[in-house]
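Structural overview for review
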Amino acid sequence: AYMGSFVASYRERALKQWSESLRSSNITCSDPFALSETLGNAVKTRQWVIDKLPNDQVSVENAIMLERSSSWPLMIDPQ
């Protein structure tokens, strides 16, 4: 699901509920789930921060979604 337009606190709650729902259905899910750990690349993330991307979870997740999108995504940074 696309969560880029939501603030960090909402994303965290939604991911927690989603993870709990998966586990209750006996579907494995990392605990805690982190988009940056699943789809991210530590070297690229470090380079983005060096290139002045803010070093917070929302900014890094938005950058990952931009990098992985197959089309031009609409990104709204709530910060």
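Scoring rules and cut-offs
- Residues numbered from 1 in each chain as written.
- Predicted model: local features only at pLDDT ≥ 70, side-chain atom pairs only at ≥ 80, totals over all residues.
- Heavy atoms only, no water.
- Helix = DSSP H or I, 4+ residues; strand = E, 2+ residues; numbered from the N terminus.
- Contact = heavy atoms within 4.5 Å.
- 1 Å grid on protein atoms, 1.4 Å probe; cavity = no way out; pocket = protein on both sides within 12 Å on 5 of 7 lines; lining within 4 Å.
- Points joined across faces, edges and corners; volume = space filled by probe spheres on them.
- Nonpolar A, V, L, I, M, F, W, Y, C, P; charged D, E, K, R; others polar.
- Phe/Tyr/Trp six-rings, centres within 6.5 Å; stacked < 30°, edge-to-face > 60°.
- Salt bridge = Lys/Arg side-chain N within 4 Å of Asp/Glu carboxyl O.
- Buried < 20%, exposed > 50% of the residue type's maximum accessible area, 1.4 Å probe, protein only.
- Expected span 1.5 Å × (residues − 1).

1. Description of the side chain of Glu 61
Topologically, Glu 61 is positioned in helix H4 (residues 57-68). Discounting chain neighbours no more than four positions away, the residues touching Glu 61 are Arg 11 and Leu 35.

2. Section: empty space enclosed by the protein
Empty space left among the atoms is revealed by rolling a probe the size of a water molecule over them. With the rule as written, the count across this model stands at one cavity of 30 Å³ or more. Size it by volume and the largest cavity reaches roughly 50 Å³. Together, Ala 8, Arg 11, Glu 12, Leu 15, Gln 57, Val 58 and Glu 61 line the largest cavity. Among the secondary structure elements, those contributing two or more residues to the lining of the largest cavity are helix H1 (8-24) and H4. When grouped by side-chain class, the residues that make up the lining of the largest cavity number three nonpolar, one polar and three charged.

3. Details of the packing of aromatic side chains
Taken as a whole and judged by the stated rule, the model has one aromatic pair. Taking 5.3 Å as the distance between ring centres and 85 degrees as the angle between the ring planes, the aromatic pair formed by Trp 18 and Phe 33 counts as edge-to-face. Of this pair, Trp 18 sits in helix H1 while Phe 33 sits in the loop between H1 and helix H2 (35-38), placing them 15 residues apart in sequence.

4. Re the pattern of salt bridges
Going through the model one piece at a time under the given rule, you end up with three salt bridges. Note that Arg 11 and Glu 61 form a salt bridge whose closest N and O atoms lie 2.7 Å from each other. Of the two residues, Arg 11 is situated in helix H1 and Glu 61 in helix H4; the sequence distance between them amounts to 50 residues. As far as burial versus exposure is concerned, Arg 11 and Glu 61 are alike and both buried.

5. Quick look at H1
Spanning 17 residues, H1 covers 24 Å between terminal C-alpha atoms, matching the ideal 24 Å at 1.5 Å per step. Where the residues of H1 are buried, they touch H4.

6. Brief notes about the environment of Phe 6
Relative to the helices and strands, Phe 6 resides in the segment before H1. Between the C-alpha atoms of Phe 6 and Val 58, which are 52 residues apart in sequence, the distance is 9.1 Å.

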